[in-house]
Amino acid sequence: MAAAVGRSTEFRTEGNKRFKKSDVRGAVELYCKAIDAAAADDDVVKALNNRALCYLRLKDYDACLEDTTKVLELEGPNAKAFLRL
């Protein structure tokens, strides 16, 4: 399980780097991998929140809404998710 958590964090960190370089589509791909590799809800929530921001930037509002809804289902009240709704 620790390896899965590590891989999820690695993908998310790399996604963050891509996002900062304005490679939003590349960041989405990495956040998808982070979600797939996540072993804990906390890791899923972080990656979903990041991916939702990417979808917002890409003006894919349906995908953004889907990710933020999943965050709220997993975690309950979440400031980042509420901001992206």
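Relevant structure appears above.
Residue indices follow the written sequence of each chain, beginning from 1 at its first position. Per-residue local features of the predicted model are confined to residues with pLDDT of at least 70, and side-chain atom pairs are confined, for both listing and counting, to 80 or more; whole-chain, interface and lining totals are unaffected and use all residues. Side-chain measures here rest on the full set of heavy atoms in the structure, leaving out hydrogens and waters.

## Digging into the nonpolar core
Phe 11, Leu 30, Ala 34, Ile 35, Ala 37, Val 44, Val 45, Ala 47, Leu 48, Val 71 and Ala 81 together form the largest nonpolar core, which totals eleven residues. If we skip the residues at most four places from it in the chain, Ala 47 touches Arg 12, Tyr 31, Ala 34 and Ile 35. Nonpolar core, defined: a set of buried Ala, Val, Leu, Ile, Met, Phe, Trp, Tyr and Cys residues in which side-chain atoms within 4.5 Å join the residues together. Whether a residue is buried, partly exposed or exposed follows from its accessible area with a 1.4 Å probe, protein chains only, as a fraction of its type maximum: under 20%, in between, or over 50%, in that order. Counting ten residues, the second largest nonpolar core, distinct from the first, contains Phe 19, Ala 52, Cys 54 and Tyr 55. Two residues qualify as a contact provided that any one of their heavy atoms is within 4.5 Å of a heavy atom in the partner residue.

## Re the environment of Leu 56
Mapping Leu 56 onto the fold places it in helix 3 (residues 41-57). Taking the C-alpha atoms as reference points, Leu 56 and Leu 72, 16 residues apart in sequence, are found 17 Å from one another. If we ignore the near neighbours within four places in the chain, the residues touching Leu 56 are Tyr 61, Cys 64 and Arg 84. Each helix corresponds to a stretch of at least 4 residues labelled H or I by DSSP, and each strand to a stretch of at least 2 residues labelled E; elements are numbered beginning at the N terminus.

## A word on the packing of helix 3 against helix 4 (residues 61-75)
Between N-to-C directions, angles span 0 to 180 degrees; the directions come from axes that are lines fitted to C-alpha atoms, helices contributing only their stretch in contact. The contact between helix 3 and helix 4 brings their axes to 8 Å, and the two run at 160 degrees. In this view, helix 3 runs roughly antiparallel relative to helix 4, as classed from their interaxial angle. Considering how the two elements wind past one another, helix 3 and helix 4 form a crossing that is left-handed. In contact with Asp 41, Asp 42, Val 44, Val 45, Leu 48, Asn 49, Arg 51, Ala 52, Tyr 55 and Leu 56 of helix 3, helix 4 contributes Tyr 61, Ala 63, Cys 64, Asp 67, Thr 68, Lys 70, Val 71, Leu 74 and Glu 75. Grouping the constituent residues of the contact of helix 3 with helix 4 by class yields eleven nonpolar, two polar and six charged. For classification purposes, angles smaller than 35 degrees are called roughly parallel, those larger than 145 roughly antiparallel, those between 65 and 115 roughly perpendicular, and all remaining angles oblique. Should the near helix be turned counterclockwise from the far one by less than a right angle, the crossing is left-handed, whereas a clockwise turn marks it as right-handed. Think of it as three bins: nonpolar holds Ala, Val, Leu, Ile, Met, Phe, Trp, Tyr, Cys and Pro, charged holds Asp, Glu, Lys and Arg, and polar takes everything else, Gly as well.

## Describing the state of the cysteines
When two cysteine sulfur atoms are found within 2.5 Å, that pair is recorded as a disulfide. All chains considered together, the criterion is met by zero disulfides. The thiol of Cys 32 is not disulfide-bonded; the next cysteine sulfur, from Cys 54, is found 9.3 Å away. Residue Cys 32 is classed as partly exposed on the basis of its relative accessible area, which comes to 24%. As a non-bridged cysteine, Cys 64 has Cys 54 as the owner of its nearest cysteine sulfur, 9.9 Å distant.

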